[in-house]
Amino acid sequence: QVQLVESGGGLVQTGGSLSLSCAASGSFDRINKMGWYRQAPGKQRELVAQITSDGNEYYIDSLKDRFTISIDNFKNTVYLQMNSLKPEDTAVYSCAVDHLGWGWDYWGQGTQVTVSS
């Protein structure tokens, strides 16, 4: 079982920055990868970025120049640095864990990010 605790959301003006973190705890031997999803009102949830335990990163094309994902394997924590934020980045951001390599199997509760114009 894995528990995820997210932090770092909030309200920021256009062009500002926010950093999200998600710490995993519980009874597990390893984590294959961690990632961040977001869901805006009225839209489907989308994968923002993911990172494997050995540091391989993936971003959706539209965000790779502004967002950076990183992982601290000792702390079992994933981070998402978001820069040059735009109103369209407003969403609930949730972290996810794939701990065995079989797909996302644990989710955080979500943290609200609101970018004002």
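Residues numbered from 1 in each chain as written. Predicted model: local features only at pLDDT ≥ 70, side-chain atom pairs only at ≥ 80, totals over all residues. Heavy atoms only, no water.

Student: Whenever I open this one, the pattern of salt bridges confuses me. Can you help?
Tutor: Opposite charge on two side chains lets them pair, provided their charged atoms get close. Per the stated rule, a full pass over the model turns up 4 salt bridges. Across the pair Asp 61 and Lys 64 runs a salt bridge whose closest N-O atoms are separated by 3.3 Å. Taking relative accessible area as the criterion, Lys 64 reaches 44% and is therefore assigned partly exposed. When the shortest N-O distance is used, the salt bridge between Asp 89 and Arg 66 registers 2.7 Å. Residue Asp 89 is found in the loop between strand 8 (77–82) and strand 9 (91–98), and its partner Arg 66 is found in the loop between strand 6 (57–59) and strand 7 (67–72); the two are separated by 23 residues along the sequence. Looking at Asp 89, the relative accessible area reads 1%, which means it is buried. Through salt bridges with shared partners, one network takes in Arg 38, Glu 46, Arg 66 and Asp 89. (Salt bridge = Lys/Arg side-chain N within 4 Å of Asp/Glu carboxyl O. Buried < 20%, exposed > 50% of the residue type's maximum accessible area, 1.4 Å probe, protein only. Helix = DSSP H or I, 4+ residues; strand = E, 2+ residues; numbered from the N terminus.)

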